[in-house]
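So the chains spell out like this:
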Amino acid sequence: MSTTTTDVAIIGGGGAGCATALHLAWRKARCVLLERGFVGGQASGVNYGGVRQQGRDPAELPIARRAREIWGRLPELIGTDCEFSVSGHLKLARDHAEEAELVAYAETAREYGIELRVIGRNAIRAEYPWLSDQVVAGSFCADDGQANPRLLCPALARAARRAGADIRENARVSDIARDGDGFVIRTADGNEVRSSILVNAAGAWGGEISARFGEPVPIETIAPNMAVTEPIPYFIKPNLGVCGGNVYCRQIPRGNVILGGGRGEADAVAMRARALPEITLAALRRAVALVPRLASATIIRTWTGIEGYLPDDIPVVGPSRTTPGLFHAFGFSGHGFAIGPAIGAIMSELVLDGRSTTPIGALTIDRFGGCDKVGELPDRARSRNH
Amino acid sequence: MSAAPPPVIVGAGPAGVRAASVLVAAGLRPIVIDEAPASGGQIYRRAPAGFMRGAAVYGSEAAKATAIHRTFDSLVDRIDYRPQTTVWNLRPGRLYTVRDGVCDELTFGDIVLATGAMDRIVPIPGWTIPGVYALGGAQISLKAQGCVVGARTAFVGTGPLLWLVAYQYLKAGGTVAAVVDTTPFATKARQLFGLLRGGKTFINGLRYVATLRLKGVRITEGAIPVTIVGSTHVTALRWREASGREGSVDCDAVAIGFGLKPESQLADLAGVAMRWNDGQRVWEAARDRDGRTAVEGVYLAGDGSAIAGADAAEIDGALAAYALLADRRVTVPEAAVAELRTRRARLTRFREALDAAFPFPAALAAATADDTLVCRCEAVNAGELRAAARDLDAREVNRAKAFSRVGMGRCQGRVCGPVAVEILAAALGMPTQALGALRAQPPIKPLPMTAAVRLAAE
Ligand SMILES: Cc1cc2nc3c(=O)[nH]c(=O)nc-3n(C[C@H](O)[C@H](O)[C@H](O)COP(=O)(O)OP(=O)(O)OC[C@H]3O[C@@H](n4cnc5c(N)ncnc54)[C@H](O)[C@@H]3O)c2cc1C
Ligand SMILES: Cc1cc2nc3c(=O)[nH]c(=O)nc-3n(C[C@H](O)[C@H](O)[C@H](O)COP(=O)(O)OP(=O)(O)OC[C@H]3O[C@@H](n4cnc5c(N)ncnc54)[C@H](O)[C@@H]3O)c2cc1C
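From a predicted model like this one, the values you see are computed outputs, not experimental measurements. (Residues numbered from 1 in each chain as written. Chains lettered and ligands numbered in written order. Predicted model: local features only at pLDDT ≥ 70, side-chain atom pairs only at ≥ 80, totals over all residues. Heavy atoms only, no water.)

Participant: I'd love a proper account of the pattern of salt bridges, names of residues and values included.
Facilitator: Residue and element names in this part refer to chain A. For the coordinates displayed, the defined rule picks out 47 salt bridges over all chains. Between Asp353 and Arg27 there is a salt bridge whose closest N-O contact spans 2.7 Å. Highlighted residues: Asp353 in helix α10 (residues 340–353) and Arg27 in the loop between α1 (15–26) and β2 (31–34), separated in sequence by 326 residues. Note on Asp353: relative accessible area 42%, which makes it partly exposed. Overlapping salt bridges, with partners in common, bring together Asp175, Asp179, Arg186, Glu192 and Arg194 in one network. (Salt bridge = Lys/Arg side-chain N within 4 Å of Asp/Glu carboxyl O. Helix = DSSP H or I, 4+ residues; strand = E, 2+ residues; numbered from the N terminus. Buried < 20%, exposed > 50% of the residue type's maximum accessible area, 1.4 Å probe, protein only.)

In structure tokens form, the structure reads like this:
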């Protein structure tokens, strides 16, 4: 058993936690990251790999822009690009109501400095002849792209270690106590970390930790259902989504098509998640309806991951309202991979400067009014998707 | 009586056929699913209708083959037989199949997984050149089609099957260019006592070797395969003898086989724990001596749970069916079960001797050259795998898969997995089993997208 004293303790080695450790280490703060399994072993390592700004809740757009800037500089920052490519993100409308939705969203995005190009029926057919007649319009964000989720967290963690962070795997936080103004964090392997600051970056399990400090949130565990084909000739360049989000796909240059749609099953307590075959088959049908050429492909793998969703589909990012020194960044509601790199920058600013240069006001933990059940919520719209 | 759904058997090899016959005798009507067009499994695979070579193709095992085929044929009216049907996924109580490109599903209560084995490969430089076959594939070509894979075929690897198939090629009129066994003669000789337990099987083995020698086939033992030569097609096989001398033979086909490994993916999906078999250096699904697993209603039989050969598979099939019946509170013939267990235990001891006589060459696998392809689906070579282990700290096999793509392709590591773990373990200085087992992910066999669409059309 050992005791370590540090400035910042971070719970969770997903994209949010690893990026936080990296930014803190760059700024010479001492930090210890505690990850129950392997870094990137959960949602951050098994997701679809979409890196998009388009379609996000406006509350997330400034974060997404900042993240996009970091994605573009990964090679110089951490020595690898994590297979990030600027393929563009094309969001498709399959009826006129959806087309109107795309047009309206493009207006909103422009206010945040994000340029989207709305493409009408004829133009989209000319540009993407492999799309089916189902498609009536599209909206293209040239600046968006995709990356390999399996590579991001280990690369962030390696860079963080090089910069001096203490990254511990197989270290499950089993107990957290207050000690004066600081925290005493115990791990299941019997070690102890003492810190003045605690960052809760525990993903789908972040609600467990916030609840310990009297801040329960109505977090729900959801598992996006994923599948991948064996390589076929490369023809889908942009990352593809649809209004409503019931199917999405992207192709990597080596030929595999990664596609998702619908939800698998997840058990956050048993830490088990499985794709559901019925859902997979339905997603495959939708994908073929959208891109008929996919009919000749063959699925070689399906999977899912454990993700924490909040009722308004945006995360909690910011200081605790009950406990000085505690900061939260969790519940990314299905789209936190792309913004993870910026979350690290934001959290390091919150911790070291007391404020973030990126607006995060809409992401406060007290927006749920302290209730932990969806049913108890004040009336709130559920909105965003792929 | 009970409204329980009929038991399901996956696999119509010796294990599945025996399981079916016990269940039918108890008055049940099992559903028997097999992706092959006919029953028989690997060893007693049937030739397509119209082929006339008959039971002779099974050599010394002809009588057993005929018995299994007759048994199955006599059951066909009393079971729900679904040939050419692949199980691609399994969830608690539910099976997902694809047949003729159409998806289907069925509910099950009890299931016997008798999914058999597949070849084990150690990648020899050049192993992806056209003209190189897995040993089992070379044998299937002979059994199912009456064809040899080459005019001059070299056999390289280790294990009893290596000698058997070489012998079968010779008997069928093929030319055996050489048999290159990585196991030294002395290693086999040391197991003589244990091997004698195999009785007739062992005697047959000796006969295969003697015949090959008698016919002047070039034989070398304790050799290290160096390379398979060829550009558009195989032209030669090279190796290094135990003495250090280089050996080489011209050939137009090479059959590689380093023993077998269980097809345990369905058991894995069913939630059965995997355990490490140190003698065979593979992961296998955990079960008791009767085939019962820790997952209620899931039973395992035959080579799909532990490589032990066809005779053991038959016994396993019967035992698993009796276990299933006993768990359903059906009275089973205790004396018969006890006798089966005794015979099975004897075969297990024989198998242990065989495993020791023909050990999987873990050191050879671990030493795979950096530029040799390990995972052919994803084109990952040994050097890339070592780099993932060292630079990315992949100390668990599924991590190594995530980082390097090894085992991520269409075979899902069924071919490269056992080699990859040896390479990783050596690179990291860890015991092989400490790397864990590759997790099965559905579909366990590639699923055509059209199958999903065709389902919609129903
Ligand atoms: C299948 C799938 C597809 C997705 N597709 C996309 C996409 O295309 N684009 C996109 O932007 N987002 C996507 N997402 C969402 C995205 O993956 C997540 O929002 C993001 O990875 C969350 O990062 P995180 O660091 O908050 O959580 P995680 O990656 O889950 O990390 C949290 C970590 O905390 C650890 N932890 C929890 N409790 C403890 C404890 N007590 N002690 C120690 N450690 C603990 C966990 O082990 C885990 O590793 C997808 C998610 C899934 C599951
Ligand atoms: C290629 C090969 C050749 C062999 N040759 C010999 C030999 O000559 N002599 C010898 O003693 N042993 C041989 N063996 C060993 C052989 O496995 C056993 O002796 C014996 O066949 C084991 O019987 P079994 O019933 O356990 O499995 P098998 O006979 O292999 O039967 C398993 C059956 O399950 C079916 N199956 C598997 N997965 C699925 C799925 N997902 N969906 C639907 N169906 C499925 C297969 O089509 C197969 O018919 C060979 C093995 C292999 C792999």
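Participant: Explain the sheet that holds strand β4 (residues 85–91) of chain B to me, using residue names and the numbers behind them.
Facilitator: All names here are of chain B. If you trace the three strands from one edge of the open sheet to the other, you get β4-β5-β6, paired in antiparallel fashion. Strands with a single pairing partner mark the edges of an open sheet, and in this sheet they are β4 and β6 (102–107). Taken pair by pair, the neighbouring strands of this sheet meet at an average axis angle of 25°, ignoring direction. Sheet topology places β4 next to strand β5 (residues 94–99); six bridges connect them, and they run antiparallel. (Pairing = 2+ DSSP bridges. Axes fitted to C-alpha atoms, helices over the stretch in contact; angles between N-to-C directions.)

Participant: Got a sec to walk through the domain arrangement of chain A? Specific residues and values, please.
Facilitator: All names here are of chain A. Entries for chain A in the domain assignment read domain 1 (3–49 + 150–217 + 311–371) and domain 2 (88–145 + 221–309). On a C-alpha basis, the centroid separation for the pair domain 1 and domain 2 is 30 Å. Counting each side, the surface lost to burial between domain 1 and domain 2 is near 1,400 Å², with a carbon and sulfur contribution of 56%. When the buried area of domain 1 at its contact with domain 2 is split by residue, Tyr48, Ala204 and Trp205 rank highest and sum to 45% of it. Taken together, the links from domain 1 to domain 2 amount to zero salt bridges. Between the two partners, domain 1 and domain 2, sit eight residue pairs in polar contact (both at pLDDT 80 or more). (Domains from an automatic or database assignment. Buried area = accessible area lost by both parts, 1.4 Å probe. Polar contact = N/O pair within 3.5 Å; in protein donor to acceptor, adjacent residues only side chain to side chain.)

Participant: Help me get a handle on the site of ligand 1, residues and values and all.
Facilitator: Residues and elements named next belong to chain A. In the vicinity of ligand 1 there are 35 residues, among which Glu35, Ser44, Glu307, Gly336 and Ala338 approach most closely. Residue Arg36 places a main-chain N or O atom 3.0 Å away from a nitrogen atom belonging to ligand 1. Measuring from an oxygen atom of ligand 1, one finds a side-chain N or O atom of Glu307 at 2.5 Å. Relative to its unbound accessible area of 1,000 Å², ligand 1 is 98% covered by the protein chains. Looking at the shell around ligand 1, the elements that each hand over two or more residues are α1, α2 (43–46) and β12 (220–229). Here the shell around ligand 1 takes three residues from α2, the largest share from any one element. In the shell around ligand 1, the residues fall into 16 nonpolar, 14 polar and five charged. Two domains each provide a minimum of three residues to the shell around ligand 1, namely domain 1 (3–49 + 150–217 + 311–371) and domain 2 (88–145 + 221–309). (Near = heavy atom within 4 Å. Areas by Shrake-Rupley, 256 points an atom, 1.4 Å probe, with all protein chains shown as cover. Nonpolar A, V, L, I, M, F, W, Y, C, P; charged D, E, K, R; others polar.)

Participant: Which residues make up the side chain of Asp144 of chain A, and what values do they have?
Facilitator: Residues and elements named next belong to chain A. With respect to the secondary-structure elements, Asp144 resides in the loop between β6 (137–141) and β7 (145–146). One buried charged side chain, Asp144, makes no salt bridge at all; its nearest oppositely charged neighbour is Arg68, positioned 5.5 Å away. Residues contacting Asp144, with those up to four places away along its chain left out, are Val51, Arg52, Gln53, Gln54, Ser85, Val86, Ser87, Gly88 and His89. (Lys, Arg positive; Asp, Glu negative; His and termini not counted. Contact = heavy atoms within 4.5 Å.)

Participant: Any chance you could break down the state of the cysteines for me, citing the residues and the numbers?
Facilitator: In a disulfide, the sulfur atoms of two cysteines are covalently bonded to one another. As enumerated under the stated definition, the model contains zero disulfides over all chains in all. The thiol of Cys141 of chain A is not disulfide-bonded; the next cysteine sulfur, from Cys243 of chain A, is found 14 Å away. Taking the relative accessible area as the measure of exposure, Cys141 of chain A reaches 1% and is therefore buried. Cys249 of chain A supplies the cysteine sulfur nearest to Cys103 of chain B, a cysteine that is in no disulfide, at a spacing of 19 Å. (Disulfide = S-S within 2.5 Å.)

Participant: Hey, could you go over a nonpolar patch on the surface for me, with residue numbers and the actual values?
Facilitator: On the surface, Leu192, Phe193 and Leu196 of chain B cluster together into a nonpolar patch covering about 350 Å² of accessible area. A relative accessible area of 48% places Leu196 of chain B in the partly exposed class. (Patch = residues over 30% accessible without salt bridge, like charges linked within 9 Å, V, L, I, M, F, W, Y side chains within 5 Å.)

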